[in-house]
Amino acid sequence: MSGDRPLLLRGILPYGEGEPTDLLVADGVIAELGPALDPTGAEVRDAGGLVALPGFVDLHTHLREPGREDAETIESGSAAAALGGYTAVFAMANTDPVTDTAPAAEHVRRRGREVGLVDVHPVGAVTVGLGGERLAELGSMARSAAEVRVFSDDGVCVHDPLVMRRALEYSTALGAVIAQHAEEPRLTGGAQAHEGEIAARLGLAGWPATAEESIVARDCLLAGAAGARLHVCHVSSAGTVDTLRWARGRGVAVSSEVTPHHLLLTDERLAGFDPVNKVNPPLRTGDDGTALRAALADGVIDCVATDHAPHAPQDKDCEWAAARPGMLGLQTALSVVVETMVRPGLLDWRGVARVMSERPAGVGSVEGQGRPVAAGEPATLVLVDPDATWTVQAARLASLSANTPFEGMTLPARVVTTLLRGRITAEDGAVRG
Ligand code: DOR
């Protein structure tokens, strides 16, 4: 909606299904959905053939503010999110200072509101300073105005099993979830790449998949015993998928996410030693990618999460060993999901809504997001051109950083419009503040 006038979108396809229909937005909600709606008093837009989905929710975004505003800010990251079709993001706690107190979390939430392009939900650290030793004040963050519902030390693993056990136990009383960066540090010291043939050939120290799998197995047991909810960040290996399937079978409340880059890219990208391909967990094998895509299709993996990790040039444009791990993701996520999941027939548009909006909103316990495209629901939506293609150019992305591994790739599907509670936040590649 621009101003207070109702907005009439002509000819959309909810979930890409059925006949084109009209959608009327008024007072922040979907007022009506149906053919040939009366345009009187409304601003009318031709949205013929655009797929309408609930706005995307990213459980895993690094916004770098406070501390590394040269790499990203809440404002620039929110713009990238809105342009990527997101209406809510969860801002990871590994900022400087770390988001490990209620005031720190409130600051992030407040700044997100001021920018106003997406709902910014702070993730609270599990341990003080991400140090892995002392639990942060989970309760005060949860009860604060920031309403923290996701706790994570992402970037590092909560590797001490007793600390993880206590965090899981406390989280149950708070209605929260612990999101684990699963990496047994004793197995990944000095690691630079997936442990396998390619790392061996390139002479890079290996990050074995078992470092992830062993923590996931342990944490599923701990979560099951505590009756707690566990969320596994950026699943990267076929073995982890097997473990998640086993845990689900035992009734453990475990959810998980996969990144677009782990869906599309493999460790074969490492041959050129371009640090843009360095990420944690590392890019793995083609067989891992196949298992991840199958698990996302059948629901063993719940969500796509970007792990949007902007890095300034001095931290990325350097030799491989010195480069920071991480990749941009917010503006390319949908297209990579369409390329890897929709085009091969593994997901339809309803499936995209499930993995990019409904399930992440559920895991993060946010209201008013991930809701059906239906009358009476919030007009928190994304309109997608399913037939468009575009070529990724880092220089044209809204992020302050340029570390996209998809540079120069031509990808399918384009976000045309993003609406947050009836307000257009991004349209035709430009944000609308
Ligand atoms: O590649 C990564 N980058 N993985 C993480 O877990 C952290 C992230 C970052 O903060 O840059």
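Okay, so let's go over this structure. Just so it is clear, the model here is predicted, and its values are computed rather than measured.

Basis of the calculations
Residues numbered from 1 in each chain as written. Predicted model: local features only at pLDDT ≥ 70, side-chain atom pairs only at ≥ 80, totals over all residues. Heavy atoms only, no water. Phe/Tyr/Trp six-rings, centres within 6.5 Å; stacked < 30°, edge-to-face > 60°. Helix = DSSP H or I, 4+ residues; strand = E, 2+ residues; numbered from the N terminus. Buried < 20%, exposed > 50% of the residue type's maximum accessible area, 1.4 Å probe, protein only. Lys NZ or Arg CZ within 6 Å of the ring centre and 35° of its normal. Pairing = 2+ DSSP bridges. Axes fitted to C-alpha atoms, helices over the stretch in contact; angles between N-to-C directions. Contact = heavy atoms within 4.5 Å. Expected span 1.5 Å × (residues − 1). Core = buried A, V, L, I, M, F, W, Y, C linked by side-chain atoms within 4.5 Å. Near = heavy atom within 4 Å. Polar contact = N/O pair within 3.5 Å; in protein donor to acceptor, adjacent residues only side chain to side chain. Areas by Shrake-Rupley, 256 points an atom, 1.4 Å probe, with all protein chains shown as cover. Nonpolar A, V, L, I, M, F, W, Y, C, P; charged D, E, K, R; others polar.

### A short note on the packing of aromatic side chains
Reasoning step 1: What the rule picks out here adds up to 1 aromatic pair.
Reasoning step 2: With 5.7 Å between their ring centres and 70° between their planes, F56 and Y86 make a pair best called edge-to-face. With F56 in strand β6 (residues 56-61) and Y86 in strand β7 (residues 86-91), the pair connects residues that are 30 residues apart, well separated along the chain. By the burial criterion, F56 is buried, and Y86 matches it.
Reasoning step 3: Sitting above the plane of the Y15 ring, R350 keeps its charged end 3.9 Å from the centroid.

### Points about the sheet that holds β7
Reasoning step 1: Strand order across the open sheet formed by 3 strands is β6-β7-β8, with parallel pairing between neighbours. One side of each edge strand has no neighbouring strand; the edge strands of this open sheet are β6 and β8 (119-122). Taking each pair of neighbouring strands and ignoring which way they run, the sheet shows an average axis angle of 20°.
Reasoning step 2: The pairing of β6 with β7 spans 4 bridges and is classified as parallel. Considered in β7, the bridge of V57 is made with A88.
Reasoning step 3: Running over the sheet, helix α2 (residues 102-115) touches β7 and β8 and is turned about 175° from β8.

### A short note on the side chain of T418
Reasoning step 1: The residue T418 is located in strand β17 (residues 410-420) in this model.
Reasoning step 2: Once residues lying within four places of it in the same chain are set aside, the contact partners of T418 are A82, G85, Y86, T87, L381, V382, R423, I424, T425 and A426.

### Some thoughts on helix α7 (residues 209-226)
Side chains that are three or four residues apart share a direction in an α-helix, a result of its 3.6 residues per turn.
Reasoning step 1: With 18 residues, α7 extends 26 Å between its outermost C-alpha atoms, agreeing within 8% with the 26 Å of an ideal straight helix rising 1.5 Å per residue.
Reasoning step 2: Positive backbone phi, at 65°, marks G227, one or two positions downstream of α7.

### Considerations on the sheet that holds strand β9 (residues 150-151)
Reasoning step 1: Across the sheet, which stays open at both edges, the 5 strands sit in the order β9-β10-β13-β14-β15 with parallel pairing between neighbours. Looking at which strands have only one partner, the edges of the open sheet turn out to be β9 and β15 (303-304).
Reasoning step 2: With 3 bridges connecting them, strand β10 (residues 177-180) and strand β13 (residues 230-232) associate as parallel partners. Bridged to I178 within β13 is L230.
Reasoning step 3: Along the sheet face, helix α8 (residues 238-249) touches β13 and β14 (254-258) and points at about 155° away from the line of β14.

### Quick look at the nonpolar core
Reasoning step 1: Core analysis: the largest hydrophobic core is formed by 94 residues, its most contacted members being L53, F151, L334, V352 and M356.
Reasoning step 2: Ignoring any residue separated from it by four or fewer positions in sequence, one finds M356 in contact with F56, V57, Y86, V304, A333, L334 and V337.
Reasoning step 3: Counting 16 residues, the second-largest nonpolar core is a separate cluster that includes A193, A199, W320 and W390.

### A closer look at the site of the ligand
Reasoning step 1: Near the ligand you find 14 residues, and of these R64, N94, N280, H311 and P325 are the closest.
Reasoning step 2: At a separation of 3.4 Å, an oxygen atom of the ligand approaches a polar side-chain atom of H62.
Reasoning step 3: At 3.2 Å from an oxygen atom of the ligand is found a side-chain nitrogen or oxygen belonging to H181.
Reasoning step 4: When the ligand sits alone it has 290 Å² of accessible area, and the protein chains cover 94% of it.
Reasoning step 5: Residue classes in the shell around the ligand are distributed as 3 nonpolar, 8 polar and 3 charged.

### With respect to the environment of E183
Reasoning step 1: Within the secondary structure, E183 is located in the loop between β10 and α5 (185-188).
Reasoning step 2: Sequence separation between E183 and R143 is 40 residues, and the spatial gap between their C-alpha atoms is 29 Å.
Reasoning step 3: Residues in contact with E183, not counting those within four places in the same chain, are C157, T188, W207, A211, I215 and N280.
Reasoning step 4: Polar side-chain contacts of E183 include one of 2.7 Å to the side chain of T188.
Reasoning step 5: Of note is the side chain of E183, whose polar atom sits 3.0 Å from the side chain of N280.

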